[in-house]
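Results of the structural survey
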Amino acid sequence: MKTKISKLSSLIKTKKFDWVNSDIKDGLFETPKEIRTDLKLYNFNRYISSEDVVKEMEKDGYSPVNAWELLTWKDWNSIDLVVALGSVGKAGGGRSVPYLRRGVSERDLGLDWWGNGWRARCRFLAVRNSSLKPSEPLTPALGHSDTLTLPKILEINGVKYKMV
C-alpha cells in the first residue's frame, strides 16, 4: 500500500511528542519512495547488535523500517522503546537511528547510534520484503563471481520458488 510521503518535520508535528532530539530534521535521513505497511515488531529479550537484528529480520523475509514507517505506525503503545534501523543519518558524530520511547512521563522521539548494542527491553519494527513474490521467479544478483550455482527449488518461509 502506497502512502503520500510528507516532510519528516511535518509528520513529527502530527505526533505531538513531548521531546524530539534536536538533530532529527528534514534531510537527516533519506526520504523513502513509499511507506510500506506490512509490519512486524521484534523483541529479542536479550542484548543484541544492530547487525544481528537485521540478520534475524532477513531470515523471516523482513527488513528494518525507516523513520517514516516508524512514525506512521499506529500500534505503538507509547511505552516500549521501538527502534527503526532502516533510517541511518549522521548526527552526534556517528551513524544514528531513530527510536520511539516513553520517558519518565513523556513520549520521546530520539536517536541512538547504529553501532551500539541494544538492551533486552528494546523492540525493533520491521516491514515485510516485497521484492520476492511467490508468482515471480527468483533471479539472484551476481557479485564478483561470474558463475553461481543455486538449487532448482528454493524455499523461503514455507514458500517454494522454482528457479528459472
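All figures in this text were calculated on a predicted structure; none of them were measured in a lab.

**Some remarks on helix H2 (residues 50-59)**
Burial in H2 covers these residues: Ser 50, Val 53, Val 54 and Met 57. All buried residues of H2 lie within an arc of 95° about the axis, which places them on one face of the element. Opposite the buried face of H2, at more than 90 degrees from it, the exposed residues are Lys 55 and Lys 59. Close packing links the buried residues of H2 with strand E2 (39-43), strand E3 (48-49), strand E4 (62-64), strand E9 (117-118) and strand E10 (123-128). Positive backbone phi, at 85°, marks Gly 61, one or two positions downstream of H2.

**A short note on the nonpolar core**
Leu 8, Leu 71 and Leu 100 are the most contacted members of the largest nonpolar core, which has 23 residues in total. When contributions to this core are tallied by element, the ones reaching two or more residues are helix H1 (8-15), helix H3 (67-72), strand E8 (107-113) and E10. Among the elements that take part in this core, H3 stands out by supplying four residues, more than any other. The residues touching Leu 71, leaving out its near neighbours within four places in the chain, are Leu 8, Leu 11, Ile 12, Lys 15, Phe 17, Leu 100 and Leu 109.

**Comments concerning the confidence of the model for the chain**
For the chain, the average pLDDT comes to 83, and 77% of its residues sit at 70 or higher. Scored below 50 in pLDDT, residues 132-151 shows 21 contacts in the model against residues more than four places distant or in partner chains.

**Points about the packing of aromatic side chains**
One pass over the full model with this rule turns up four aromatic pairs. Ring geometry for Tyr 42 and Tyr 62: centres 6.3 Å apart, planes at 75°, overall edge-to-face. Linking Tyr 42 in strand E2 with Tyr 62 in strand E4, this pair joins segments that are 20 residues apart in sequence. Between Trp 118 and Phe 124 the ring centres are 5.9 Å apart and the planes differ by 80°, which places this aromatic pair in the edge-to-face class. The buried category is assigned to Phe 124, whose relative accessible area is 1%.

**What to know about the pairing of E10**
Within E10, five of the six residues are buried, which leaves it mostly tucked inside the rest of the structure. Pairing of strand E5 (residues 82-83) with E10, which is carried by two bridges, proceeds in the parallel orientation. For Val 83, the partnering residue across the bridge sits in E10 and is Phe 124.

**Here's the deal with the side chain of Ser 96**
Here Ser 96 is to be found in strand E7 (residues 94-102). Under the relative-accessibility criterion, Ser 96 is labelled buried at 3%. Separated by 3.1 Å, the side chain of Ser 96 and the backbone oxygen of Ala 91 make a polar contact. Ser 96 has contacts with Phe 29, Ser 87, Val 88, Gly 89, Ala 91, Leu 111, Asp 112, Trp 113 and Trp 114, leaving out every residue within four places of it along the chain.

**Some details on the environment of Gly 61**
Relative to the helices and strands, Gly 61 resides in the loop between H2 and E4. C-alpha of Gly 61 to C-alpha of Val 127: the two residues are 66 residues apart in sequence and 8.6 Å apart in space.

**A word on the side chain of Glu 69**
In this fold, Glu 69 is placed in helix H3. For Glu 69, a relative accessible area of 0% corresponds to the buried category. Polar side-chain contacts of Glu 69 include one of 2.6 Å to the side chain of Arg 36. Once residues within four sequence positions are removed from consideration, Glu 69 is found in contact with Glu 34, Ile 35, Arg 36, Leu 125 and Val 127.

Basis of the calculations
- Counting restarts for each chain, with residues numbered from 1 along the sequence as it is written.
- Only residues with pLDDT of 70 or above have their local features reported here, since the model is predicted, and side-chain atom pairs are shown and tallied only from 80 upward, although totals for entire chains, interfaces and linings are computed over all residues.
- Excluding hydrogens and water, the side-chain values take into account all heavy atoms of the structure.
- With a 1.4 Å probe rolled over the protein chains alone, any residue whose accessible area is under 20% of its type maximum counts as buried; one over 50% counts as exposed, and the rest are partly exposed.
- Secondary structure elements are defined from DSSP: runs of H or I of at least 4 residues count as helices, runs of E of at least 2 residues count as strands, and each element is numbered from the N terminus.
- The arc in question is formed by the directions pointing from the helix axis toward the C-beta atoms.
- Any two residues having at least one pair of non-hydrogen atoms within 4.5 Å are treated as being in contact.
- What we call a nonpolar core is a set of buried Ala, Val, Leu, Ile, Met, Phe, Trp, Tyr and Cys residues that are connected through their side-chain atoms within 4.5 Å.
- As a per-residue measure, pLDDT reflects the predictor's confidence and takes values from 0 up to 100.
- Two rings from Phe, Tyr or Trp (for Trp, the six-membered ring) form a pair when their centres sit within 6.5 Å of each other. Planes less than 30 degrees apart are called stacked, planes more than 60 degrees apart edge-to-face, and all others tilted.
- Two strands are counted as paired when DSSP detects at least two bridges linking them.
- In protein, a polar contact means a hydrogen-donor-capable atom and an acceptor-capable atom, both N or O and within 3.5 Å, with residues adjacent in sequence counting only if both atoms are side-chain atoms; elsewhere, any N or O pair within 3.5 Å suffices.

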